[in-house]
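Fold and geometry: a report
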Amino acid sequence: MSLDRNGGASRQSLENPRAPRKILRQAINEIDSLEQGREAYAAIEELYPICRSITGDGLRQSLRIIQKTVLLALQEVPTGTQVFDWTVPKEWNIRDAYIKNGAGERVVDFQKCNLHVLNYSLPVRRKMSLTELRPHLFTLPETPEWIPYRTSYYRETWGFCLAKTQFDRLKDEEYEVCIDSTLEPGYLTYGEYRIQGATDDEVLISCHACHPSLCNDNLSGMTIAARLARFLESVSLRYSYRFLWIPGTVGSITWLARNEPILPQIKHGLVLSCLGDSGPFTYKRSRRGDAEIDRAVEQVLRHSGFSFQALDFIPYGYDERQYCSPGINLPVGCFLRTPNGCYPQYHTSADDLSLVTASSLAESFRQLLRVIQVLEENGRYLNLNPKCEPQLGRRGLYRQMGGMKDAAVREMAILWVLNLSDGQHDLLDIAARSGLPFDQISSAVAALREADLLEPVE
Amino acid sequence: MSLDRNGGASRQSLENPRAPRKILRQAINEIDSLEQGREAYAAIEELYPICRSITGDGLRQSLRIIQKTVLLALQEVPTGTQVFDWTVPKEWNIRDAYIKNGAGERVVDFQKCNLHVLNYSLPVRRKMSLTELRPHLFTLPETPEWIPYRTSYYRETWGFCLAKTQFDRLKDEEYEVCIDSTLEPGYLTYGEYRIQGATDDEVLISCHACHPSLCNDNLSGMTIAARLARFLESVSLRYSYRFLWIPGTVGSITWLARNEPILPQIKHGLVLSCLGDSGPFTYKRSRRGDAEIDRAVEQVLRHSGFSFQALDFIPYGYDERQYCSPGINLPVGCFLRTPNGCYPQYHTSADDLSLVTASSLAESFRQLLRVIQVLEENGRYLNLNPKCEPQLGRRGLYRQMGGMKDAAVREMAILWVLNLSDGQHDLLDIAARSGLPFDQISSAVAALREADLLEPVE
Amino acid sequence: MSLDRNGGASRQSLENPRAPRKILRQAINEIDSLEQGREAYAAIEELYPICRSITGDGLRQSLRIIQKTVLLALQEVPTGTQVFDWTVPKEWNIRDAYIKNGAGERVVDFQKCNLHVLNYSLPVRRKMSLTELRPHLFTLPETPEWIPYRTSYYRETWGFCLAKTQFDRLKDEEYEVCIDSTLEPGYLTYGEYRIQGATDDEVLISCHACHPSLCNDNLSGMTIAARLARFLESVSLRYSYRFLWIPGTVGSITWLARNEPILPQIKHGLVLSCLGDSGPFTYKRSRRGDAEIDRAVEQVLRHSGFSFQALDFIPYGYDERQYCSPGINLPVGCFLRTPNGCYPQYHTSADDLSLVTASSLAESFRQLLRVIQVLEENGRYLNLNPKCEPQLGRRGLYRQMGGMKDAAVREMAILWVLNLSDGQHDLLDIAARSGLPFDQISSAVAALREADLLEPVE
C-alpha cells in the first residue's frame, strides 16, 4: 500500500504485477455477477456506519476497507494546496456529538446516526435554550421520520439534522449541546488505482467517497468500482484503467489539477453513483454528447433487456461537472440507476441498507462490464473483398441451402460488418445501424478476420 | 418632419436627437403594456375609416396620424420609377363611389364602407343594366353579411364589393354607377423612421400600410410598430432600428431597390401583421430558418406562457417574400397572431374594430419587446476559469449549505453559462440547451461578469 | 438479337435505331397503364410454367420470351469464369423428375410443378426406402398445402420439395427416385438492353430472372422491366437506360465484374421485384440513403395517393446487396410492393398466378414511370431576377386580382421555384420543401423558363 503524504505517488506504485490474464469476453461470460453483487453488498454493510466527509479519518478508514478488494493507493494532499480556483480545506474529524435535554438524556445522538451532525460542523459545547438552538436544527417536514443529510464545508458553522418527529418532541427547556469535532490543517485524502493495459490510453472510473451513512449515494458506487477494478486486474486489456475514490467536487478538482499532463490520455470515462436501488438504469451523456462512451453505454443499455433513460449532459450532478467543465471537457458520462434527487430517500437517513440490494448491484456490475467490453472491442475495420459480397458459403460462413425465408442473426451480422467496413464506421456504428447487439457484431468480426476477409484500420 | 419628394431622404433627417436613455431591461420591466395596447387601439380607431391603398392621399393621411406617435419621415417616389423588375404605379385617389338604383337610392355606398370599391378602380360614371353591372360585382357567398376586400392594382378595371345579402336585393333595373377616382402620375408614399444605436448594425421592423378599413390586417401592425419605435427612442440600444410603413409588395420592393447599399447592415428583421386578434402567436421563420431572429423569437414565445406556433418560411404572405427573395435573403421573419388567410374575417369587412382588442395588442407589444431584449443582450462569452468550476460559494454566487435536494434556477443558470461559455455558444444556445428563460441566462451573465468570471467574445 | 457466347457484346449491339421520340411527360400522360399491366400479366402466364435457375435453358427460354417485348441481348459467360470472389458455376438443366411409389405412381412429379425439385439437384436414379429418402424431402409444416421453393447452388446434393400433406401420405415402402438433370460446364446467361439517351449517364434497372414457377418473385419484376424498356424506347430521354435480367447474386456479381469501367456512368438505379401483389408500395433506400434516386422515389410515392413505406438499406434482399457493396456503392434502391419474406406465399407454390393482378402490375408500372420522369426532369436552376419577386402579373403568371384569400397551387409552385432557385436546391428539394407534387414544380419551371425568368445551372 502506498500512503504518500506528499501527494506525489509515482505511477509505478499504482500498478500491480499480476498473473497471466484471461480473455475479457470469456471472463465476462464466466463471472458470477450475483456473487459480485453480494460481495459489494457485504462491503456496503461494513462501510455504512462510518462517518465520512470530504476529509478526515472516516474517509481514510473507508478507503482502507476498499483495499480489501483492490489495493488502491491513498493519496494525501495538504490543507491549503491551491487546486485551480479552489484551496484544499482544513481536515475535519469528529468523535462524538449530542443534544442532551434537562434530564440529561441524549435526545439527538451522533452515535446512533452520524447524519445527525451537520457535516463539517465546528466544535461546540454549550448550554442553550431551544430558541437559541433552533436555527441550528434541520428537519424534513414532508418525510417526518427521516433525518436529512446536510453539509457546510465552506461556511464555518455548526448544526444538527433530525427527524421532524424528534424535533416536535423537543420541549422548551435548556439543552446541553456538544459537537466534539476538530477542523484543523491536515490532508485531503483520496484513493487511486491504475491497471496497465496494452496501451497507455486510459479509461477513467470515478466515484465520490465522501458521503456518510448513505448507501445508494454512494457506497454502491464505491464498492462496484472496487469490484470492477478487481475483475479487470485478471483480464487482458487494450486500455489502461484508472479508478478514483474521491471526495465530491473538491476531490475531482484536486485530482485534475495535479494530473493535467495525463488528461489527453483519458479516452473514455464514467462517474458511478446510485447503483444499488431498484430503479431503471440512467445514463447521463458527456458534455460532448456523442462521444464513444456515450454511444457505448447507450448501445449496451438498449440491448440490456432493462428499461433505461439516456439524458443529455447538464452541468449539475456529480463529478462529471468537473470532468466536463469547458477547459477540461473529457468524454466522461455518468452511469446510475435512479439519479440524484429523483428518489425520495435521496440525501436522507432512508438511503440505508434496505434501499440497496445485491441483485441490483449485480446487474449494475454486469452492464458496466458490457460497456467495458464494447470499449475494448470497438474499432474500425476494412472489408478486404469490398467489390460485391465474398462467397461466404464456401468459407462456412453462410447457410448452404438457399431459398429459405430468413437469414439467421449470425449471417445478418456478417453481412452488416462486410457492408459497413469501409473504414468510416466503427463497430458501434454498425451495431446501431443494424439494430443488432454489439456482441453479435463483434463475433462476426472475429469470424471474418479468421477468414481473412477483414483487417483492422490503423 | 422630412417630406422629400425626390425620394432622397438623407439618413440624418431620419434620426432624432434625444434625452439620455434608460437601460432597456429596466424600461421593459417598468412599461405598462396594457396602456400601450390601449393607445394602439385608439390609434386604430382613428385610422380605421380612411381609404388607404398602395398610393394616394389615404396612405399619406394615415402616415401623418402615425406621426403623432413617432416622427417618421414620408418618402415619396415618383410614378414610373423603375424598382428592380417593377415600376412605381400611377397614384390612385378616390373621393366617392356608389351604385344608385332606379329610385335614386345609393344601394352600394363608398361613404358607408370604403371596401365597397374594388381598390384601384378606374373612374366610371354611367348608367347600366344589372346584367352589364354584374361582372363588376364581388361577394362572399359563404359569409353573406360580409363585404370582401379586393384590389386590382395592375390590371386597369373597376368594380364594387358588396355583401351577398345586398347583392341578392338588387332588382333587374337600370343603375347609376359612379366611381369618382383618379389614376394619374404621382407618387408612391411610405414612412420611415430610424433610431441610431451604439452601432450601425440594424434591426428592421416592417409593416404594410396599404389596406383600407381592415383592423387586424394591418392597422394592428402599423400602430404596434409605432409604439415600439416610440419606446425604443427612450432607451439605450446596441443596434440601430429602422421602421418601415410601406405599401405591400411594391413598397418593400421600392425600399429595397433604393437602399441596396445598406442591406448588409441589416442583421435581424421582423415583418409585423395581425397583432390584435385573440389567437395564439405565430412566428414564420426567415428563409434561412435558423437565423438569430428565428432563434430569438422562438425562445421568447416558448417561455411566454402563451401557446404559439413556429412555421417554416414559405414564399407567400407579406413583405418577407421580398426581404427573403433569393437575391436579398435578409434574416427577416414574420410575427403575427392568427396568420393571413387563417381567420374567417381575413380580407373582409368583419376585420373591424371588434376583432382587435387592447389586451391582445398589449401582449403582442410585450412579446416584441422581449424579442428586442434578446437581440440586444445576446452574445458569446468566455469562461475565464474554464478548468473545473470556479468556487462560486466564496463569491456569494452559490448556496452556502450543501446536501440539499436541488439547486435553484439562479444557480443552474450560472452553471450553464459557465459550462457553455467556450466561445462557441451564444446566450440563445445556452438558453435553449438549458431550457431556462433567456432572462435568467442573461442575469447569470451579469452576475458572472461582476465576479470577473466571464468576458465577452470579440 | 445478339447472342454472343464469348460474353463480349459490344455496346452497339445493345442499342437500337428508332423512330423520332415523343416527349416523356406527354407520353406518360397518354399511356394506358392498365393495358400495360394486362400485357405484363399475359407475359407472366407464358413464363410461369418454365423451370428457371441461375443457369440453363429455362433461363434462356424465358429471356427469349421477354424478347417479344424488347429486343434484349442474351449474354453468355462460360462456366469457370472468375467474377470477383466468385466463379461462374456449371450449367444446370433438367428434363424430368419424380418419386414413384411401389405401385409405380408418380407421387411427386416435376411435370406438375417444377418447385418439386430442389433447384440445382444432381442427377439421381435409384430405388430407396422412405427412411433413406426422407433427409432429401423438404416441406412447410405451417402451410401444409404449399410446396416450398429451395435451392442448393453451391453444395452438390439433390432433393425434393413437396406439400406437407403429400409428405404425410408417403407410406413406408420402396420408392423409385429420378432426377433427370445435368450439371456440366456451360454458360451463365443474362439479358441486357440499353437505350441511348442524350447523355451517356445511365439509369440501371435490374431484376432477377432465376426463380422457377414464382409469379410475384419475380416474373412481375421481369415483365414490368420489359414494359418499361419498351416504353422508354419511344420517348426522348436525357439519360441512357440499361436493363438487366440476371440470375440473382451471381448474375449481378458477374455483370459488375465484367463492366467495372462503366460503373461511374451509373447515376441512379433500381432493383425491381414483387411488383404484382396487392400490398402497399415499399421502397428500400440505397446504401447512401439520400441519393437522388432515394429522394425521387419517396417524392413520387408520397404523392401517389397510395400508402407506402420507405426503409433504410440493409445488406440483405436482392441484387442491391451487390450494387451497394462498399467497393461498388452505386446509388441503387429497391422498388417493391410487399417485400421478400413479408408475405406468407413468398418462396412457395402459392406465389402463383392468383397472387398477382394486372391492376397491381399496372400501378407499379405507373409509379415507376413517375420516378423516371422525376429523374429526367430534375435539376438545379437559377432565378434570373433574384432581387425581390419578378412582377408575374404582367407576364400572365399570376392572378390579376389581389386580396383573394389564397394563391392557387400553380402560383405557389411558381413562387417556390423562384425562391429556391439559387443554384443550391434541385427541383426535388423544392418539391420536398413546398410539399407540392414534383409535377407541379416541374410545370412551374417550364412556365418560368418560357418567361426567361429561369435558367438551368451547369
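In short, a report on the structure. Quantities reported herein were computed from a predicted structural model and do not represent experimental measurements.

Another aspect to go through is the overall build of chain A. A count of helices and strands for chain A gives 14 helices and 20 strands. Its C-alpha atoms put chain A at 90 × 45 × 40 Å along the principal axes. With 458 residues in all, chain A has 62% of them scored as buried. With the model as given, the accessible surface of chain A reaches about 16,800 Å², and the carbon-plus-sulfur share is 48%. For chain A, the centre of its 51 positive side-chain charges and the centre of its 57 negative side-chain charges are spaced 1 Å apart.

The two faces of the sheet receive side chains in turn, since in a regular strand these alternate between them. All names here are of chain A. For strand β12 (residues 202–208), the tally of buried residues reaches seven of seven residues, placing the bulk of the element in the interior. The side-chain alternation of β12 yields two buried faces, one formed by Glu202, Leu204, Ser206 and His208 and the other by Val203, Ile205 and Cys207. Strand direction decides the pairing type here: β12 and strand β13 (residues 240–246), joined by seven bridges, are parallel. When the sheet's bridge partners are listed, Glu202 is paired in β13 with Ser240. After leaving β12, the chain enters helix α7 (residues 215–233) and then returns to the sheet as β13, a path that is right-handed. Relative to strand β14 (residues 266–272), β12 runs parallel, the two sharing five bridges. Its bridge partner being in β14, Val203 is matched across the sheet by His268.

For the rest of this paragraph, the subject is the environment of Met222 of chain A. Residue and element names in this part refer to chain A. Take Met222: it is sitting in helix α7. Measuring from C-alpha to C-alpha, the distance between Met222 and Ser273 comes to 7.9 Å, with 51 residues separating the pair along the chain. Residues within four places of Met222 in sequence aside, it is in contact with Arg52, Ser62, Ile66, Cys207, His208, Ala209 and Trp245.

Residues and elements named next belong to chain A. Two numbers describe how helix α9 (residues 292–302) lies on helix α11 (residues 358–377): the axes approach to 9 Å, and their chain directions differ by 130°. In this view, α9 runs oblique relative to α11, as classed from their interaxial angle. Considering only the axes of α9 and α11, their crossing is right-handed. For the pair α9 and α11, contact is made by Ile293, Ala296, Val297, Val300 and Leu301 and by Gln367, Arg370, Val371, Val374 and Leu375, respectively. For the contact of α9 with α11, the per-class residue count stands at eight nonpolar, one polar and one charged.

Here we come to the relation of the copies chain B and chain C. Rotating chain B by 120° and moving it 0.0 Å along the rotation axis overlays it on chain C with an RMSD of 0.1 Å. Both copies are brought into coincidence by an operation consistent with a three-fold rotation axis. Nearest to the rotation axis, the C-alpha of Asp290 of chain B is located 13 Å from it, this being the minimum over chain B.

Bringing the interface of chain A and chain B into the picture now. How big an interface is tends to be stated in terms of the accessible area lost upon association of its parts. Taken together, the contacts link 32 residues of chain A with 28 residues of chain B. The junction of chain A with chain B conceals about 2,700 Å² of combined surface from both sides, 51% of it contributed by carbon and sulfur atoms. Linking chain A with chain B are five salt bridges. Here Lys387 of chain B ties to Glu260 of chain A by a salt bridge, and the two come within 2.8 Å at their closest N and O atoms. Where chain A meets chain B, there are 14 residue pairs in polar contact (both at pLDDT 80 or more). Of all the elements in the fold, those that place two or more residues in the side of chain A that touches chain B are α8 (250–258) and α10 (320–323) of chain A.

Definitions and limits used
- Throughout, a residue's number is its position along its own chain's written sequence, starting from 1.
- Throughout, the order in which chains and ligands are written sets their labels, letters from A for the former and numbers from 1 for the latter.
- Selection of residues for local features in this predicted model requires a pLDDT of at least 70, selection of side-chain atom pairs for listing and counting requires 80 or more, and totals for whole chains, interfaces and linings are taken over all residues.
- To get the side-chain values, all heavy atoms of the structure are used, and hydrogens and water are removed first.
- Secondary structure follows DSSP: runs of H or I at least 4 residues long count as helices, runs of E at least 2 residues long count as strands, and numbering of each begins at the N terminus.
- The buried label applies to any residue whose accessible area, calculated with a 1.4 Å probe on protein chains only, is under 20% of its type's maximum; exposed applies above 50%, and partly exposed to all values in between.
- Areas reported as accessible are Shrake-Rupley estimates using a 1.4 Å probe. Residue values count occlusion only from the protein chains shown.
- When charges are counted, Lys and Arg contribute as positive and Asp and Glu as negative, whereas His and the chain ends are disregarded.
- A charge is said to be at NZ when it belongs to Lys, at CZ for Arg, at CG for Asp and at CD for Glu.
- Should DSSP find at least two bridges between two strands, the strands are regarded as paired.
- The crossover handedness rule: strands pointing away from the viewer, path from first strand over the helix to second strand clockwise, crossover right-handed.
- We call two residues in contact when some of their heavy atoms are within 4.5 Å.
- Angles here are taken between N-to-C directions and fall from 0 to 180 degrees, while the axes themselves are lines fitted to C-alpha atoms, restricted in helices to the stretch in contact.
- Angles below 35 degrees are treated as roughly parallel, those above 145 as roughly antiparallel, those between 65 and 115 as roughly perpendicular, and all remaining angles as oblique.
- Take the far helix as your reference; a near helix turned counterclockwise from it by less than a right angle gives a left-handed crossing, and one turned clockwise gives a right-handed crossing.
- For this classification, the nonpolar set comprises Ala, Val, Leu, Ile, Met, Phe, Trp, Tyr, Cys and Pro, the charged set comprises Asp, Glu, Lys and Arg, and every other residue, Gly included, is treated as polar.
- Copy-to-copy alignment: least squares on C-alpha atoms, limited to residues at pLDDT 70 or above in both.
- Computed with a 1.4 Å rolling probe, the buried area is the accessible surface lost when two parts are put together, summed over both parts.
- We define a salt bridge as a contact between a side-chain nitrogen of Lys or Arg and a carboxyl oxygen of Asp or Glu at a distance within 4 Å.
- Identification of polar contacts relies on pairs of N or O atoms within 3.5 Å, with a donor-acceptor requirement for protein atoms, meaning one able to donate a hydrogen and the other able to accept it, and with residues adjacent in sequence counted only if both atoms are side-chain atoms.

By themselves, these are just geometric observations and shouldn't be taken as functional.
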